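Results of the structural survey
Next come the chains, spelled out residue by residue.
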Amino acid sequence: MEVFHHIRYASAGRFESPVVSSSVEPEAGGDLLTSFPQGPFRLDKVMGENQPLRQDEDAHYLSIYTPSREGSRPVLFWIHGGAFIAGSGEENTYDASALSQEGDIVVVTVSYRLGVLGYLYDENLPCQDMGLKDQIAALRWVHQNIHQFGGDASRVTIAGQSAGGYSVAAMLQEVREPLFQRAIIQSAPFAIKTNREKASSIARRIESILGKPLAEATSEEILEAQASFLAHTDNMMPFEPVVPDLNKPIQTASLEKVLITWQKDDLSPFVELRLGGNTPMKRRLNLRLSTLLSFLGIYLPSKSFAKRLRKQGVKAEVRQLDWRPEGSHYGACHCLELALLFGDWSRWQGVGMLGKTSREEWLRRGKQLRSEWIEFIQ
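Calculation rules
- Residues numbered from 1 in each chain as written.
- Predicted model: local features only at pLDDT ≥ 70, side-chain atom pairs only at ≥ 80, totals over all residues.
- Heavy atoms only, no water.
- Helix = DSSP H or I, 4+ residues; strand = E, 2+ residues; numbered from the N terminus.
- Buried < 20%, exposed > 50% of the residue type's maximum accessible area, 1.4 Å probe, protein only.
- Contact = heavy atoms within 4.5 Å.
- Areas by Shrake-Rupley, 256 points an atom, 1.4 Å probe, with all protein chains shown as cover.
- Pairing = 2+ DSSP bridges.
- Axes fitted to C-alpha atoms, helices over the stretch in contact; angles between N-to-C directions.
- Phe/Tyr/Trp six-rings, centres within 6.5 Å; stacked < 30°, edge-to-face > 60°.
- Parallel < 35°, antiparallel > 145°, perpendicular 65-115°, else oblique.
- Nonpolar A, V, L, I, M, F, W, Y, C, P; charged D, E, K, R; others polar.
- Patch = residues over 30% accessible without salt bridge, like charges linked within 9 Å, V, L, I, M, F, W, Y side chains within 5 Å.
- Salt bridge = Lys/Arg side-chain N within 4 Å of Asp/Glu carboxyl O.

Some thoughts on the overall build of the chain
- On a plain count of helices and strands, the chain comes out with 12 helices and 12 strands.
- In terms of overall dimensions, the chain has a C-alpha envelope of 50 × 50 × 45 Å along the principal axes.
- Burial status across the chain gives 57% buried among its 378 residues.
- Sequence-distant contacts in the chain: of pairs separated by 6 or more residues, those separated by 24 or more amount to 76%.
- If you sum the accessible surface of the chain, you get close to 15600 Å²; carbon and sulfur atoms cover 49% of it.

As structure tokens, then:
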């Protein structure tokens, strides 16, 4: 089993389109794992704290997990979630060692620009949807170079959860090249949509808070303006891709099949954030409400998206994940499957969403879910 962090897939100036890198080896300083600039993670109480990473605007890196650099294996290209404002492909949350080894597959995890620096929509900027363009650049890097890590560029599955799942759906609209053949979309917030008018108004507000041109602001100042905006908005996901229209036909002719999953109580962490939950009765009511809202806001839009795919000749399956860990009032919540697909027990032990789950049960359920994903990927 070999793991490679800190491989540069592209370079880009602020608000500029990424240029795919020719590098195939980890850069020096890879022991200092990196993320793009971001604020605090809002689901720490649910899924535990992410490891602290060095933040840098120049963080176009990916990580690779491979059983061997020899051979030609299926590839899983993973896009992390985090509402387009948080996360990194270099986090231990997305350690794919078990998934790679058990499936004899190559797993690539990618970082991309976030928040204002990744998704601010201003027609005066040289590039729009910078984070999405980063993801596509990383996918092109994989197409060109993954054979050097034991991967087969003709057998690529793109996958992502939450904002990462939305990104996968967006890539189906934006990518015409045969860069992937299969896709997994997990808990995508299809119901939260933006448009140019809404996104432009957010950009004007950010620029007003900042009080200076974006080009003259430091990343710290931009994060402060972003935090100020987030503290005074009810918008659950104000920064997201603007250009893709998920109602239009897909563009990726090489796409064969898609797996779309959702958690039965997907929205329970967000319901608690909004309504509170300090008593057992309140938590039970929150969970019931979460189940209903998840059905309306996640499942039905996912089912509708799958229906559109089928009309275009793509095999599409929608699957509900309904395991509710004992002792957790979050139920089958957002991000729960991540604890089964990625990471080791030291990362997940004691986190709120796993409740009283023992290591033995975690191992058993994790191996089962990974086997289902592996079967789809292969």
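Here we look at the sheet that holds strand β9 (residues 151–161)
- Read from one edge to the other, the open sheet built from 8 strands follows the order β1-β6-β8-β7-β9-β10-β11-β12, with strand pairing classed as mixed. Strands with a single pairing partner mark the edges of an open sheet, and in this sheet they are β1 (2–8) and β12 (315–321). Pairs of neighbouring strands in the sheet enclose a mean axial angle of 20°, with direction left out of account.
- Pairing of β1 with strand β6 (residues 61–66), which is carried by 5 bridges, proceeds in the antiparallel orientation. Opposite I7, over in β6, you have L62 as the bridge partner.
- Where helix α4 (residues 130–145) meets the sheet, its contacts fall on β1, β6, β7 (73–79), β8 (106–110) and β9, and the angle it forms with β7 comes to roughly 165°.

Here we look at the packing of aromatic side chains
- Counting across every chain of the model gives 13 aromatic pairs.
- Note on F84 and Y166: the rings are 6.1 Å apart at their centroids and 90° apart in plane angle, and the pair reads as edge-to-face. With F84 in the loop between β7 and α2 (97–103) and Y166 in helix α5 (residues 163–174), this residue pair connects regions lying 82 residues apart in the sequence. Just as F84 is buried, Y166 falls in that class too.

Re the packing of α4 against α5
- Viewed as axis vectors pointing N to C, α4 and α5 meet at an angle of 75°, and their least axial separation amounts to 11 Å. For the element pair α4 / α5, the angle class is roughly perpendicular. The segment α4 lies against α5, with L132, Q135, I136 and L139 engaging S167, A170, M171 and E174.
- Taken together, the residues that form the contact of α4 with α5 break down as 5 nonpolar, 2 polar and 1 charged.

Thoughts on the side chain of S294
- Within the element layout of this structure, S294 appears in helix α9 (residues 280–311).
- Exposure remark for S294: the relative accessible area of 0% places this residue in the buried category.
- Apart from the residues within four sequence positions on either side, S294 is in contact with W262, Q263, K264, D265, D266, L267 and Y299.

Some remarks on the environment of G331
- By secondary structure assignment, the location of G331 is in the loop between β12 and α10 (338–341).
- As a C-alpha pair, G331 and R284 span 47 residues in sequence and 9.9 Å in three-dimensional space.
- Among residues more than four places away in sequence, those in contact with G331 are D265, L287, W323, R324, P325 and L336.

Description of a nonpolar patch on the surface
- A cluster of nonpolar side chains, contributed by L275, L289, L292, L293, F295, L296 and L300, occupies part of the molecular surface with about 560 Å² of accessible area.
- Here the nonpolar patch gets 6 residues from one element, more than from any other, and that element is α9.
- Within the secondary structure layout, L292 lies in helix α9.

Comments concerning the pattern of salt bridges
- For the structure on display, the rule yields 17 salt bridges.
- Ionic pairing is found between D58 and R8, a salt bridge with its closest N-O pair at 2.9 Å. Of this pair, D58 sits in the loop between β5 (54–55) and β6 while R8 sits in strand β1, and the two are 50 residues apart along the sequence.
- A relative accessible area of 35% means that D58 is categorised as partly exposed.
- Note that E272 is salt-bridged to K45, the shortest N-O span being 3.6 Å. Taken together, the residues E272 in helix α8 (residues 268–275) and K45 in helix α1 (residues 44–47) connect sequence positions 227 residues apart.
- Salt bridges sharing common partners tie together R8, E27 and D58.

All we've got here are geometric facts, nothing functional implied.
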